[in-house]
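Summary of the model geometry
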Amino acid sequence: MKSNTFNYSLLAVGVAAVMGLSTGAMASITSGSTTNSTTPAINNVATASYNVAGVTQTATSNIVTVNVSETANFILYATNGNSATDDKNENIATIPGATATFNHILINEGNVSDTYNINTTANNDANIETATPTQGYAHPANTDVAFVIRQKGGAALTADQANALQALGQAQSGNLTGGANTTTRNIKLLPGLQAALSYTSLTPTGRTGGDIAVGTLTATSSFITTATTTGTKVPTLVNENQTIVRLPTFSIVKTGASSVDLTATTPQIAYTITVTNANTDYSADATDFVIRDVLPAGLSLPNNATTDVTVSGGAGTPRISTISGRRAIDVPVANLPVGESRTITFTVNVDKAQFTGANSSVTNNVAVYDKFVGAVGTLSDTPTVGTDYDILDNTLTPAPGSETTRVPDAADQANGAGVDTAATTTFTRRVVVLSYSTTREIAPASGTAGQVTHSTNITNNGQDTEGTDAAPLTFTIADDTANTAVRPVVGPVSITYTPPGANPVPVTRTITPVNGIYTINAASLPGGIATGGVVAINYKVSSGNVTTPATVADAAAVGSAEATIVTLTPAGTGAPAATSVTDRTNVRGLTLVKSQSLDAACNADASAATFVQTAIENAKPDQCVIYRIQATNTSSAIQTANPAAASGFNITGLTISDLLSNFSAGATYVPDTAASTATNNSSIGAAAVNTSAITATMSSTDVLAPQGVASLTFKVKIKNAR
């Protein structure tokens with residue numbers, strides 16, 4: 001709580017100004033020597049009468065004169081302030097509802113008996129009350145003043161002094177009764193006597209730490225007031241009396257884990273409570289108070305025992321109870337001096353079932369209960385102000401009735417000496433699954449149109465939104481480089497977000513990598529991935545260097561493959577571990593196989609022949625050989641029921657050709673034997689023979705479907721005399 005600095009000197013000046021007093025008078029504790037300049041001299045003449053011869057005779061003596069010097073001087077000082085011999089009783093500590101006593105000494109330093117009018121006045125400075133109503137309040141005016149008359153220095157009166165006072169009608173002790181009529185509140189003092197004066201002031205119950213009250217006690221000399229005097233002429237002396245409300249100034253700091261991962265087997269929060277009696281201008285030692293922590297629902301002590309709680313910085317034996325089904329920890333503290341702290345530590349278990357909402361959290365508050373006088377005993381479940389406690393300070397956000405700190409409001413605000421902080425823990429249950437490894441098939445040279453697309457899924461199976469600025473997701477797409485002719489396309493990729501719920505509307509966005517890293521956050525996917533939402537990462541893979549490779553080396557080999565690794569790395573609080581999936585791209589295309597079959601009688605049908613790719617041994621002239629050329633689309637058939645599986649492609653524009661020059665030196669084409677066939681939903685044009693080659697060519701509507709085979713067969717006859 002902030003230090004409440006109060007300018008006592010300015011307050012004193014204000015009081016003096018309101019009362020019509022000079023600050024010089026307030027700063028003085030003595031009236032100064034004052035002599036009655038009109039005191040008449042004592043002139044004495046003696047006379048005598050006698051008889052001579054029966055005649056009465058008289059005689060008059062000379063005149064003798066005594067000049068009397070009547071000197072008045074008195075002292076009024078305060079005895080229980082910072083100094084025992086000045087004009088102030090300052091910084092007298094008090095608490096709400098208690099009284100403070102102010103002690104003064106009045107001494108007759110003159111040579112005449114004097115009568116002193118004693119009065120108490122309140123601070124009636126309305127400006128102080130209005131401008132800072134929690135800093136100033138008035139002592140009551142015209143209150144009773146107790147007195148005891150003794151010799152100067154405090155010795156008991158002699159018998160003669162007591163008799164002389166009695167003759168003056170002055171009691172040795174008693175009370176000067178307050179009230180509207182202050183003219184009778186007089187004390188008569190013989191020279192050399194003193195009166196010990198004291199009165200009390202009640203501090204209102206509603207006052208706050210740092211509040212200051214100011215009043216005065218005045219003594220007015222009757223002799224100086226009424227006589228014609230010479231000298232300093234100060235008939236009234238003023239003593240100032242100040243009280244300050246001193247109370248403990250509690251600063252409560254509770255700390256705990258800022259975040260807890262609910263995917264842990266037994267989630268826990270370790271708490272530390274530090275209660276400090278802050279050092280301010282108005283602080284007082286705290287005694288016999290209680291620190292209470294009622295755990296929020298869903299939190300529990302592991303053993304529900306005092307052994308779960310540790311108190312350091314001083315004595316304190318915890319008490320464990322249950323309040324409205326919640327575990328409560330009470331720690332009584334016998335004494336906490338100003339500037340010292342008491343620390344309480346414990347660990348709680350977290351019930352996962354209590355915190356299933358997205359971005360759920362729990363705030364644990366602490367309260368301190370104290371009394372102005374006496375000890376706070378065993379607290380009830382719902383303590384009552386004025387009965388169980390007078391001071392309640394807690395870490396709750398201030399609200400009417402939530403606390404009664406009895407310190408200035410600024411003390412509990414930011415940077416205040418007694419500012420209190422609660423412990424808020426956010427729960428995360430982040431489960432992000434990377435799945436849907438895909439297999440795709442690509443031609444040896446894809447170009448742009450023939451690139452294949454892999455789709456790897458990110459599924460949010462946790463309870464918190466993913467892909468936000470607080471919980472971003474990053475992923476990389478890495479080529480394993482085993483097959484340099486097949487590689488992922490570098491650059492932006494598209495993601496498709498399918499939110500949870502019935503009839504979702506997918507959203508597709510493009511993400512550009514930074515240094516090869518793609519990030520899903522508020523910028524790339526506003527709103528993030530809700531629980532149950534799925535993001536498909538759609539990236540392309542290409543093969544070959546150009547659409548039609550310049551050389552065989554530029555194209556990927558049919559039958560080869562390449563792996564691509566997609567790695568997802570969640571970030572932020574409670575982030576799960578990074579995971580990866582591997583996608584596979586297989587190179588598929590056209591295989592061309594030529595085989596042959598010996599037709600010794602030159603009368604066999606090609607459809608019934610047995611073909612081999614090995615050499616035919618011992619063939620003879622005039623025998624025939626049937627050739628078969630098979631073009632096969634090695635890509636897999638499209639599986640609509642399993643989109644993650646391999647997806648084949650159609651081959652178009654196929655021409656199967658066999659040059660006559662390949663066999664014309666040893667054989668001749670047998671007319672009308674060339675034929676073409678196709679299987680598996682494929683088609684090809686009819687076989688044709690020209691002067692240079694035997695061919696079968698696809699028309700614009702023909703395709704060689706995945707796993708389809710197009711065949712060209714023809715027969716040649718072995719020449720004689722080759």
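Note that this is a predicted model, so its numbers are computed, not measured.

1. Describing the pairing of strand S26 (residues 361–364)
Along S26, the buried face is formed by Val 362 and Asn 364; none of Ser 361 and Thr 363, which line the opposite face, is buried. Summarising the sheet, S26 and strand S29 (residues 423–428) pair through four bridges and their orientation is antiparallel. Residue pairing across strands places Ser 361 opposite Thr 426, the latter belonging to S29.

2. Description of the sheet that holds S29
Judged by pairing direction, the sheet is mixed, and its three strands sit side by side in the order S18-S29-S26 without closing on themselves. This sheet does not close on itself; its edge strands, each paired only once, are strand S18 (259–261) and S26. Averaged over all neighbouring strand pairs, the angle between strand axes comes to 25°, with direction disregarded.

3. So, helix H4 (residues 159–168)
Of the residues making up H4, those classed as buried are Gln 161, Ala 162 and Leu 165. Buried residues in H4, looked at end-on, bunch into an arc of 100°, giving them a common side. In H4, the exposed positions that point more than 90 degrees away from the buried face belong to Ala 159, Asp 160, Gln 166 and Ala 167. Those residues of H4 that are buried are in contact with strand S10 (145–151), strand S12 (186–189) and strand S13 (193–202). Of the residues one or two after H4, Gly 169 is the one with positive phi, at around 80°.

4. As for the packing of aromatic side chains
Inspection of every chain in the model, using the stated rule, returns eleven aromatic pairs. Pairing Phe 102 with Tyr 199 gives two aromatic rings, centres 5.3 Å apart and planes at 45°, and the pair type is tilted. Pair noted here: Phe 102 is in strand S7 (residues 99–108) and Tyr 199 is in strand S13, with a separation of 97 residues, a long-range link. Centroid distance Phe 475 to Tyr 518: 4.9 Å. Interplanar angle 5°. Geometry classified as stacked. Within this pair, whereas Phe 475 is found in strand S33 (residues 473–479), its partner Tyr 518 is found in strand S37 (residues 518–520), the two being separated by 43 residues in sequence. Comparing Phe 475 with Tyr 518 shows no difference in burial state: the two are buried. An aromatic cluster of at least three residues, connected via ring pairs, comprises Tyr 627, Phe 663, Tyr 669 and Phe 714. We note Lys 254 situated over the ring of Tyr 271; from NZ or CZ to the ring centre the distance is 4.3 Å. The side chain of Lys 594 reaches across the aromatic face of Tyr 627, ending 4.8 Å from its centre.

5. What about unusual backbone geometry?
Both trends apply: most residues other than glycine have a negative phi, and most peptide bonds are in trans. Here the phi dihedral of Asp 622 falls at roughly 70°; this positive angle occurs in a residue that is not glycine. On the accessibility criterion, Asp 622 (39% relative accessible area) is partly exposed. Phi is positive for Asn 681, which is not a glycine, with a value near 60°. You can see Asn 681 is positioned in the loop between strand S45 (675–678) and strand S46 (687–689).

6. Focus on the environment of Ser 113
Mapped onto the elements of the fold, Ser 113 is located in the loop between S7 and strand S8 (114–122). Residue classification places Ser 113 among the partly exposed residues on the basis of a relative accessible area of 37%. Through-space distance from the C-alpha of Ser 113 to that of Glu 70 is 9.7 Å; in sequence the pair is 43 residues apart. Residues within four places of Ser 113 in sequence aside, it is in contact with Asn 108, Leu 168, Leu 189, Leu 190 and Pro 191.

7. A look at the confidence of the model for the protein
Mean pLDDT over the protein stands at 86; residues scoring 70 or higher make up 88%. Taken as a whole, residues 1–27 scores under 50 in pLDDT and shows 63 contacts with residues more than four places along the chain or in a different chain. Note on residues 124–135: pLDDT under 50 across the span, and 20 contacts to partners over four residues away in sequence or across chains.

8. Looking at the side chain of Asn 521
On the secondary structure map, Asn 521 appears in the loop between S37 and strand S38 (534–543). For Asn 521, a relative accessible area of 18% translates into the label buried. Within the structure, Asn 521 has its side chain in polar contact with the backbone nitrogen of Ala 523 (distance 3.1 Å). Among residues more than four places away in sequence, those in contact with Asn 521 are Gly 467, Thr 468, Asp 469, Pro 472 and Pro 526.

Cut-offs applied
Residues numbered from 1 in each chain as written. Predicted model: local features only at pLDDT ≥ 70, side-chain atom pairs only at ≥ 80, totals over all residues. Heavy atoms only, no water. Buried < 20%, exposed > 50% of the residue type's maximum accessible area, 1.4 Å probe, protein only. Helix = DSSP H or I, 4+ residues; strand = E, 2+ residues; numbered from the N terminus. Pairing = 2+ DSSP bridges. Axes fitted to C-alpha atoms, helices over the stretch in contact; angles between N-to-C directions. Arc of directions from axis to C-beta. Contact = heavy atoms within 4.5 Å. Phe/Tyr/Trp six-rings, centres within 6.5 Å; stacked < 30°, edge-to-face > 60°. Lys NZ or Arg CZ within 6 Å of the ring centre and 35° of its normal. pLDDT = per-residue confidence, 0-100. Polar contact = N/O pair within 3.5 Å; in protein donor to acceptor, adjacent residues only side chain to side chain.

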